[in-house]
Amino acid sequence: QVQLVESGGGSVQAGGSLRLSCAYSGPRLSSYGMDWFRRAPGKEREFVAAISWSGGSTYYADSVKGRFTISRDNAESTVGLQMNSLKPEDTAVYYCAADPYGNAWATGEFGGVHWGRGTLVTVIS
């Protein structure tokens, strides 16, 4: 049984920081790519960041590059998203995803991807 549980969301002033965490459990997840996506009110879900199973490769959406940092700790079964210099347009529900092929964020093929329930981030201007 795969479980992904996000935490760390909340309200913050523009320019502030938040750190999201995703605790994952389930078979073989340490060999999965892990992603963060978000869905803003009234908008489609969008890719935020991804990290390879080893942590050796990371990928970011242009909108967050230089401000957000994704990391993972396979020993602790967690994935983190450090978000700095937050903007009101970062307001969204943030979802953690476990991707067995590590490339769903690029291909848009989400079969086999496991999702968390999300955590709300609100950035106040």
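Please refer to the structure placed before this passage.
The present account deals with the structure reproduced in this document. (Residues numbered from 1 in each chain as written. Predicted model: local features only at pLDDT ≥ 70, side-chain atom pairs only at ≥ 80, totals over all residues. Heavy atoms only, no water.)

The number of helices and strands found in the chain is 1 helix and 11 strands. Secondary structure elements of the chain, listed N to C terminal, follow the sequence β-β-β-β-β-β-β-β-β-α-β-β. Taken over the C-alpha trace, the chain has a radius of gyration of 13 Å; the compact-globule value for 125 residues is 14 Å, and the two agree within 12%. Structurally, the chain occupies a C-alpha span of about 40 × 30 × 25 Å along its principal axes. (Helix = DSSP H or I, 4+ residues; strand = E, 2+ residues; numbered from the N terminus. Rg over C-alpha atoms; globule rule 2.2 N^0.38 Å.)

A few words on the packing of aromatic side chains. By the definition in use, this model includes 6 aromatic pairs. A ring pair is formed by Phe 37 and Phe 47, whose centres lie 5.7 Å apart and whose planes are at 70°; its orientation type is edge-to-face. Here Phe 37 is found in strand 4 (residues 33-39), whereas its partner Phe 47 is found in strand 5 (residues 45-51), with 10 residues between them in sequence. Judged by its relative accessible area of 3%, Phe 37 is buried. (Phe/Tyr/Trp six-rings, centres within 6.5 Å; stacked < 30°, edge-to-face > 60°. Buried < 20%, exposed > 50% of the residue type's maximum accessible area, 1.4 Å probe, protein only.)

Let's shift gears to the nonpolar core. Core analysis: the largest hydrophobic core is formed by 35 residues, its most contacted members being Trp 36, Leu 81, Met 83 and Tyr 94. Of all the secondary structure elements, the ones that give two or more residues to this core are strand 3 (18-25), strand 4, strand 5, strand 7 (68-73), strand 8 (78-83), strand 9 (92-99) and strand 11 (119-124). Leaving out residues up to four positions away in the same chain, Tyr 94 has contacts with Glu 6, Leu 20, Trp 36, Phe 37, Arg 38, Val 48, Phe 68, Leu 81, Met 83, Gly 118, Thr 119 and Val 121. (Core = buried A, V, L, I, M, F, W, Y, C linked by side-chain atoms within 4.5 Å. Contact = heavy atoms within 4.5 Å.)

In this section: the state of the cysteines. In total, this model carries 1 disulfide according to the counting rule given. With its sulfur 2.2 Å from that of its partner, Cys 22 forms a disulfide with Cys 96. One quick way to see it: the torsion about the S-S bond of Cys 22 and Cys 96 is about -80°, and its sign makes the bridge left-handed. Of this pair, Cys 22 sits in strand 3 while Cys 96 is found in strand 9, placing the two residues 74 residues apart along the sequence. Each member of the pair, Cys 22 as well as Cys 96, carries the same accessibility label: buried. (Disulfide = S-S within 2.5 Å.)

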